[in-house]
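# Reading the structure
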Amino acid sequence: MLAIALVPFALAAIIGVLLLYPFGHEQRSGADLGFGQHPVNAEVVSAVAGPCSEGASEQSECVILEVRMQDGPLPGESIEQVVPTDPGSPRFAVGDDVVLSYSGANAQEPSSYQVVDFQRGTPLLVLALVFAGAVLVLGRWQGLAALVALGLSLVVLVSFVLPAVLAGEDPLLVAIVGAGLIMFIALYLTHGFSARTSTAVLGTMLSLALIGALSSLFAAATSLTGLDEDTSSLMGLLGAPIDARGLLLAGVVIGALGVLDDVTVTQTSAVWELRKANPALTWRQLYSSGLQIGRDHVSSAVNTLVLAYAGTALPMLMAYALSGRSFGEIVTSQAVAQEVVRTLVGSIGLVAAVPITTAIAAAVAVREPAENTHRASVADRVGQAAATSAGTPTVRRRRRPGV
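What you are looking at is a predicted structure, and each value in this text was computed from that prediction instead of being measured. (Residues numbered from 1 in each chain as written. Predicted model: local features only at pLDDT ≥ 70, side-chain atom pairs only at ≥ 80, totals over all residues. Heavy atoms only, no water.)

## Considerations on the overall build of the protein chain
Counting secondary structure elements, the protein chain contains eleven helices and five strands. The 403 residues of the protein chain split such that 34% are buried. Put simply, the protein chain shows about 23200 Å² of open surface, and 64% of that area lies on carbon and sulfur atoms. (Helix = DSSP H or I, 4+ residues; strand = E, 2+ residues; numbered from the N terminus. Buried < 20%, exposed > 50% of the residue type's maximum accessible area, 1.4 Å probe, protein only. Areas by Shrake-Rupley, 256 points an atom, 1.4 Å probe, with all protein chains shown as cover.)

Structure (structure tokens):
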């Protein structure tokens, strides 16, 4: 039954990748699009206060940095860079590893370079190793499979989703195909081929379809354009139109996939463990008990989703708070309204994933052969009694006065 339901969707995902992948399309490079800058690693060897330019007043104070280049056209050579000290500029100190932007002009001319950022490769690598170590210590072989699935998910995003969208394909269709491929790879690779995993895949797929439909409906109803500052700049650089609203909807689908996986796998595992603890439970009892677990889970998951979106948009919300506009004006503006639609649609999909996945899991689990058919232990009997009492109404005796 599960194979009949899932195999067509797996084939559709594979065929969709083959049809949407931009074979033969040559994407212009950054230099062709005007990003003619080359990163050069360097180290700050001195930093002194000084004027921002020759002949400038003493009030216009900047920091004059001497940086030694570690690679690029002149490794080992030092140049001077003038950096402003206004509140919107980063602070550089002696010993900082920085990144210079080299325009490709005269390598001996300091004006061909500009300090743009810090080097962060080593700290990020250490953080990634700590993360991988924590996953491996707790998850062991399953944790290793989860890390491999994470890497393959990134490969799908970088190698398929981004090139297909840049080639002019429909962003929402690309996101649906990419999300389907990621879903099959991540869940089956992490949890193995089983009825339990297939149930989680089916629940994720149905919930994801609901999110895609609702996001399309309400993006059109609220007249969201998706034309924020980054999208407008990208379209200007590419010199070709991109479906900005489709790009917004694609972000909703891909962003909700990770949280949906968490909910559907948890619900499926809960139903299977209930079935293992008490094989006598009926479909209705399994569904009722699993739904109760899902209520607790989804309430915290929705809060997490809302706070995650609010955290990423915090600078924008602070700017709006200082604008003196009313709450209604702020919420209905383009930048905030698209985050509201993204959050609420994703939350609706999470809420719907609980009953959908629980119903499918209960229907499949109740048909599987019962495990642990040996004599029930004390823990099994306690679990069975608790599950039975949960589905049986409690009758209380009324005490007579004086008794």
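## Quick notes on the nonpolar core
Judged by nonpolar contacts, the single largest core of 55 residues is most densely connected at Phe160, Val174, Met183 and Val201. What valine 174 contacts, discounting residues up to four positions off in sequence, is Leu20, Phe160, Val161, Ala164, Val165 and Glu169. One finds Val44, Ile79, Val83 and Val115 within the second-largest nonpolar core, a separate group that totals 16 residues. (Core = buried A, V, L, I, M, F, W, Y, C linked by side-chain atoms within 4.5 Å. Contact = heavy atoms within 4.5 Å.)

## Some thoughts on the sheet that holds strand β1 (residues 38–51)
If you trace the five strands from one edge of the open sheet to the other, you get β3-β2-β1-β4-β5, paired in antiparallel fashion. Because the sheet does not close on itself, it has two edges, and the strands there are β3 (78–84) and β5 (113–118). Going across the sheet, the axis of each strand differs from the next one's by a mean of 45°, ignoring polarity. Relative to strand β4 (residues 97–102), β1 runs antiparallel, the two sharing six bridges. Looking at the pairing, alanine 42 lines up with valine 98 of β4. (Pairing = 2+ DSSP bridges. Axes fitted to C-alpha atoms, helices over the stretch in contact; angles between N-to-C directions.)

## Things to note about the pairing of strand β2 (residues 61–69)
As a general feature of sheets, a regular strand has side chains that alternate between the two faces. When β1 meets β2, the two strands line up antiparallel, connected through nine bridges. Bridge pairing in β2 links valine 48 to isoleucine 64.

## Remarks on the packing of helix α4 (residues 195–221) against helix α10 (residues 334–365)
With their axes 8 Å apart at the nearest point, α4 and α10 run at an angle of 150° to one another. It follows that α4 is roughly antiparallel to α10 by the angle criterion. For the crossing formed where α4 meets α10, the hand is right-handed. Residues Ala195, Thr199, Leu202, Gly203, Leu206, Ser207, Leu210, Ile211, Leu214, Ser215 and Phe218 of α4 form the contact with α10, whose own contacting residues are Val341, Val345, Gly346, Ile348, Gly349, Ala352, Ala353, Ile356, Thr357, Ile360, Ala361 and Val364. A breakdown of the residues in the contact of α4 with α10 according to their chemical character gives 16 nonpolar, seven polar and no charged. (Parallel < 35°, antiparallel > 145°, perpendicular 65-115°, else oblique. Left-handed = near helix turned anticlockwise from the far one by under 90°. Nonpolar A, V, L, I, M, F, W, Y, C, P; charged D, E, K, R; others polar.)

## Examining the UniProt feature "transmembrane region" (unreviewed entry) in the protein chain
UniProt's entry tags residues 121–138, 145–166, 172–189, 201–222, 242–260, 301–323 and 343–366 with the feature "transmembrane region" (unreviewed entry), counted in the numbering of this structure. Structurally, residues 201–222 comprises 95% helix and 0% strand, and the distance from its first C-alpha atom to its last is 31 Å. A helix fraction of 96% and a strand fraction of 0% characterise residues 343–366, whose end C-alpha atoms lie 35 Å from each other. (UniProt positions renumbered as here; feature names shortened; annotations may be inferred.)

## Focus on the pairing of β3
By the alternation rule, side chains of β3 split into Ile79, Gln81 and Val83, which are all buried, and Ser78, Glu80, Val82 and Pro84, of which none is buried. Note that β2 and β3 share seven bridges and pair antiparallel. Bridge assignment links cysteine 62 to a residue of β3, and that residue is proline 84.

## With respect to helix α3 (residues 171–191)
For α3, built from 21 residues, the straight-helix expectation of 30 Å at 1.5 Å per residue is met to within 8% by its first-to-last C-alpha distance of 29 Å. Taken across its 21 residues, α3 has 16 buried, putting it largely inside the fold. (Expected span 1.5 Å × (residues − 1).)

## What to know about a nonpolar patch on the surface
A surface patch of nonpolar side chains, about 820 Å² in accessible area, is lined by Val7, Leu11, Ile14, Ile15, Leu18, Leu19, Tyr21 and Phe23. As for its position among the elements, valine 7 is in helix α1 (residues 2–20). For valine 7, a relative accessible area of 44% translates into the label partly exposed. (Patch = residues over 30% accessible without salt bridge, like charges linked within 9 Å, V, L, I, M, F, W, Y side chains within 5 Å. Salt bridge = Lys/Arg side-chain N within 4 Å of Asp/Glu carboxyl O.)

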